[in-house]
Amino acid sequence: MNIFKTLWNDRKKLSAADGKWVAICSLIYLTFLLLDVFNPGTISSAILKYTGIFLCVVYAFSKHHRDTALGFALLLTLLSDTFLVWTQQELLGVLTFCIAQFIHLYRFKRGNQNYFGAALLISFLAMVVFYHGKTEMIYLAAMFYAILLATNFILSAKKYHKSNSTIHDRLGFYGFCLFVCCDICVAIRHVALDGIIPNTALPLLNFLIWFFYYPSQVFIASSSNLKTKESSQKACD
C-alpha cells in the first residue's frame, strides 16, 4: 500500500535528521515490548513506558520550541498517563486527555473557531443523550474524548493527503492512526473488564495498547511544522 511506502521513506528521512532521537525511542520501545511479552506487568516496563512519554515532552519543547501548543498537548498527555498508570484516578486521566486533544485541534485549525464550536456542540449533544440514560461520568468523558480524537484524526488525514504535505504532516497522520488503534484496544479492554465480552483477550489487549500508543506519541512529538528561529534565518540567507 502507498501509505506503507511513504512511511518507509519518511522513516529514512527522520532517521537522517534525528538519529539519536530515533535510536533512543526504538531502544525504549523494543525493551518494554520484550518485557511485556516475557514478563508482563513488571514495574520496569511501566517505568520505561512513562519515561518514553516524558522524553516525548522534552523532545517537543526542545526541538519544536516555537510550537508551544504541541509541547503542552504532550505535557497533558503525560499528566493523563500519570493518573492512569500510577493512580486510580481514571476520570481525571480521561479529562486531561480531552484537554490535550483540544490543544491538538487548535494546532490543526489555528484561528478557525468553527471546529472548536462544532466539536463542543457534538460533544454536548452526545453527553445529553448519554446523561438521559444515567450513564456514568467516565463514559461521558470517554465519548467527549472519542469525538475530539476522531476530529483530529480526520484533520491529520486531510493534511496527509494534500499534494504539498510535509514530512511533519505525514508524521502527525501516522501518530493519530496509531492513537486511534490504541484507543480501540482500550475501548475493547473496558468492555471486557465490564463483563460484556469474554476477558480471555485481556493480555493481548494490554500488550497492543502500548504497542500502538508509544509510537503514536513519538510520531506526534515530531509533527510540528513551525520552524525554529534558526531555521527561519537559514531559509532567508
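The structure presented is a predicted model; accordingly, all values stated were derived computationally and were not measured.

J.: What's the story with the packing of aromatic side chains in this structure? I'm lost.
T.: What characterises a pair of aromatic rings is the spacing of the ring centres plus the angle enclosed by the ring planes. Counted under the stated rule, the structure contains 23 aromatic pairs. Ring geometry for Phe 97 and Tyr 213: centres 6.4 Å apart, planes at 85 degrees, overall edge-to-face. Of this pair, Phe 97 sits in helix H5 (residues 90-108) while Tyr 213 sits in helix H9 (residues 202-221), and the two are 116 residues apart along the sequence. Here the two residues Phe 97 and Tyr 213 agree in accessibility, since each one is buried.

J.: Before we go on, may I ask you to explain a nonpolar patch on the surface in this structure?
T.: Taken together, the side chains of Ile 43, Ile 47, Leu 84, Val 85 and Trp 86 make up a nonpolar region of the molecular surface, amounting to roughly 420 Å² of accessible area. Secondary structure elements with two or more residues in the nonpolar patch: helix H3 (43-63) and helix H4 (68-86). The leading source of residues in the nonpolar patch is H4, at three residues.

J.: Would you explain the pattern of salt bridges in this entry?
T.: Opposite charge on two side chains permits them to pair, given that their charged atoms come into close proximity. As enumerated under the stated definition, the model contains two salt bridges in all. Among the ionic pairs, Arg 107 bridges to Asp 67, the shortest N-O distance being 3.4 Å. Of this pair, Arg 107 sits in helix H5 while Asp 67 sits in the loop between H3 and H4, and the two are 40 residues apart along the sequence. Across this residue pair, the class does not change: Arg 107 and Asp 67 are buried.

J.: Can you help me understand the packing of H5 against helix H8 (residues 167-193) in this one?
T.: To characterise two packed helices, one gives the angle between the axes of the helices and the distance between these axes. At a closest axis distance of 15 Å, the pairing of H5 and H8 adopts a crossing angle of 155 degrees. Considering the angle they form, H5 stands roughly antiparallel to H8. When the axes of H5 and H8 are compared, the crossing they make is left-handed. In this structure, H5 contributes Glu 90, Phe 97, Gln 101, His 104 and Phe 108 to the contact, and H8 contributes Phe 176, Phe 179 and His 190. Here the contact of H5 with H8 is composed, by residue class, of four nonpolar, three polar and one charged.

J.: I tried to follow the nonpolar core on my own but got confused; where do I start?
T.: Ranked by internal contacts, the top residues of the largest apolar core, which has 49 residues, are Phe 179 and Tyr 214. Going through the elements one at a time, helix H2 (19-38), H3, H4, H5, helix H7 (137-160), H8 and H9 are the ones with two or more residues in this core. When neighbours within four sequence positions are excluded, Tyr 214 is seen to be in contact with Cys 25, Ile 28, Tyr 29, Phe 32, Gly 52, Ile 53 and Cys 56.

J.: Quick question: what am I supposed to make of the state of the cysteines here?
T.: Think of a disulfide as a covalent bridge from one cysteine sulfur atom to another cysteine sulfur atom. In total, this model carries zero disulfides according to the counting rule given. Looking at Cys 177, it has no disulfide partner, and the nearest cysteine sulfur is the one in Cys 181, 6.9 Å off.

J.: Can you walk me through the side chain of Asp 36 in this structure?
T.: With respect to the element layout, Asp 36 can be found in helix H2. For Asp 36, the side chain forms a polar contact with the side chain of Ser 45, separated by 2.7 Å. Beyond its immediate sequence surroundings of up to four residues, Asp 36 is in contact with Ser 45, Lys 49 and Phe 207.

Criteria and thresholds
Residues numbered from 1 in each chain as written. Predicted model: local features only at pLDDT ≥ 70, side-chain atom pairs only at ≥ 80, totals over all residues. Heavy atoms only, no water. Phe/Tyr/Trp six-rings, centres within 6.5 Å; stacked < 30°, edge-to-face > 60°. Helix = DSSP H or I, 4+ residues; strand = E, 2+ residues; numbered from the N terminus. Buried < 20%, exposed > 50% of the residue type's maximum accessible area, 1.4 Å probe, protein only. Patch = residues over 30% accessible without salt bridge, like charges linked within 9 Å, V, L, I, M, F, W, Y side chains within 5 Å. Areas by Shrake-Rupley, 256 points an atom, 1.4 Å probe, with all protein chains shown as cover. Salt bridge = Lys/Arg side-chain N within 4 Å of Asp/Glu carboxyl O. Axes fitted to C-alpha atoms, helices over the stretch in contact; angles between N-to-C directions. Parallel < 35°, antiparallel > 145°, perpendicular 65-115°, else oblique. Left-handed = near helix turned anticlockwise from the far one by under 90°. Contact = heavy atoms within 4.5 Å. Nonpolar A, V, L, I, M, F, W, Y, C, P; charged D, E, K, R; others polar. Core = buried A, V, L, I, M, F, W, Y, C linked by side-chain atoms within 4.5 Å. Disulfide = S-S within 2.5 Å. Polar contact = N/O pair within 3.5 Å; in protein donor to acceptor, adjacent residues only side chain to side chain.

Read these as spatial facts, not as claims about activity.
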